[in-house]
Amino acid sequence: MRLWAKKGQELAPSPQNYDDRTTWQARPWLGRAVRVLLAITPFIVAFVVTASLGRMVGTSHWNLGYRIVWGLAMFVVASLIATSMSKLSTKLVPLSTLCHMNMAFPEEAPSRLKLALRVGNSGNADAVLSDFRAHGLSKDPQSAAVQVLTLVEVLNNHDRRTRGHSERVRALSDVIAGELGLPEADRAKLRWASLLHDIGKLAVPPEILNKKGKPTDAEWKTLQAHPMEGHSRIAPLKAWLGEWALCVEQHHERFDGTGYPLKLRGDQMPLGSRIVAVADAFEVMTATRSYKKPMSYDD
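This is a predicted model, so every value here is computed, not measured.

## Some words on the packing of helix 7 (residues 165–180) against helix 14 (residues 271–286)
The N-to-C vectors of helix 7 and helix 14 enclose an angle of 125 degrees; their axes lie 9 Å apart at closest approach. With respect to helix 14, the axis of helix 7 lies oblique. Remark: the crossing between helix 7 and helix 14 carries right-handed chirality. Across the interface between the two elements, His165, Arg168, Val169, Leu172, Ser173, Ile176 and Leu180 of helix 7 pack against Leu271, Ile275, Val276, Val278, Ala279, Asp280, Phe282, Glu283 and Val284 of helix 14.

## Points about the layout of surface pockets
In this structure, the second largest pocket occupies an estimated 470 Å³ of space. Pro94, Glu153, Asn156, Arg163 and Glu167 are, among the 22 residues lining the second largest pocket, the residues nearest its centre. Listed by contribution, the elements that provide at least two residues to the lining of the second largest pocket are helix 3 (93–99), helix 4 (112–120), helix 5 (122–135), helix 6 (141–158) and helix 7. Looking at the lining of the second largest pocket, the element that brings in the most residues is helix 6, giving five residues. Residue composition of the lining of the second largest pocket, by class: six nonpolar, 10 polar and six charged.

## Topic: the nonpolar core
Soluble globular proteins tend to bury their nonpolar side chains together. Trp24 and Trp192 are the most contacted members of the largest nonpolar core, which totals 38 residues. Among the elements that line this core, the one with the most residues is helix 6, at nine residues. Among residues more than four places away in sequence, those in contact with Trp24 are Leu98, Met101, Asn102, Met103, Phe105, Ala109, Pro110, Arg112, Leu115 and Leu149.

## Re helix 4
Three or more residues of helix 4 are buried, namely Arg112, Leu115, Ala116 and Val119. Along helix 4, the residues classed as buried sweep out an arc of 105 degrees about the axis, all on the same side.

## Topic: the confidence of the model for the protein
When pLDDT is averaged along the protein, the result is 83; 91% of the residues meet or exceed 70. Ranking the helices and strands of the protein by mean pLDDT puts helix 13 (residues 247–250) first, with 95, and helix 5 last, with 77. The low-confidence segment residues 1–20, where pLDDT is below 50, has 50 contacts with residues more than four positions distant or belonging to other chains.

## Considering the pattern of salt bridges
This structure, assessed with the given rule, holds nine salt bridges. Across the pair Asp159 and Lys201 runs a salt bridge, and its minimum N-O distance is 3.6 Å. With Asp159 in the loop between helix 6 and helix 7 and Lys201 in the loop between helix 8 (184–196) and helix 9 (206–209), this residue pair connects regions lying 42 residues apart in the sequence. With a relative accessible area of 14%, Lys201 lands in the buried category. Linking Glu184 and Arg191 is a salt bridge whose minimum nitrogen-to-oxygen distance equals 2.9 Å. Residues participating in the shared-partner salt-bridge network are Asp174, Glu184, Arg187 and Arg191.

What counts and what doesn't
Residues numbered from 1 in each chain as written. Predicted model: local features only at pLDDT ≥ 70, side-chain atom pairs only at ≥ 80, totals over all residues. Heavy atoms only, no water. Axes fitted to C-alpha atoms, helices over the stretch in contact; angles between N-to-C directions. Helix = DSSP H or I, 4+ residues; strand = E, 2+ residues; numbered from the N terminus. Parallel < 35°, antiparallel > 145°, perpendicular 65-115°, else oblique. Left-handed = near helix turned anticlockwise from the far one by under 90°. Contact = heavy atoms within 4.5 Å. 1 Å grid on protein atoms, 1.4 Å probe; cavity = no way out; pocket = protein on both sides within 12 Å on 5 of 7 lines; lining within 4 Å. Points joined across faces, edges and corners; volume = space filled by probe spheres on them. Nonpolar A, V, L, I, M, F, W, Y, C, P; charged D, E, K, R; others polar. Core = buried A, V, L, I, M, F, W, Y, C linked by side-chain atoms within 4.5 Å. Buried < 20%, exposed > 50% of the residue type's maximum accessible area, 1.4 Å probe, protein only. Arc of directions from axis to C-beta. pLDDT = per-residue confidence, 0-100. Salt bridge = Lys/Arg side-chain N within 4 Å of Asp/Glu carboxyl O.

In structure tokens, the structure reads:
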């Protein structure tokens, strides 16, 4: 499918042929099962440990006072175990999100479990963010794709007010693409472009992103730079994504020419950019935020 060039600049490089790439098939039931398991495991472990201690010690012959003291002690132990297990299980929370994704990779699809553990490790995430700020994405498309999935989770922490926004925009964009009857090859590229659309916000200070109230003129100028910042940082993926990569810099353009940063109008916006712009706006308007109530679908 031919998409129109943006005004005044060249098209992104033509996409390479990755017909032999492997994919992640969405497993939503597995994602839900992971969340349930992560929620109940700390309590199960705490119960098993305290019950085992009770059997080992043998409290049946104790008087009521000792039993009360023992019960309080076991409650403290159980609470400590549950808290510790909860901290460990949060490292696997990203696995639930990854299970909902249907993604194609330039080469062999990575292990979701290994990637989830990497994303869930805050030390690794910090290292990935520092490397991205210093060098951008890896020059190898496969490594860059894996890096992106980590960066999306980092962005959730960086911009706390819009946690999960990129994943929801990806899902909404895919629904729109399905309704439009786009070929699977185009939908595969759109999934990545929509997931990447806000990656430039990693260059915006978190105090601006998470500020209560309206930004100043200087802060707004910094915020408006994130589309171009993101587009410049995804260079290693442009050959793979082709013209769909333009979604990153153009997702704040508007059909009437009032958007930014290029003031594109009408068909100057590629189809992918129009899809992501609509999905992005719809998600922001209908999602709950700390600073606003969601709009109803009718509104």
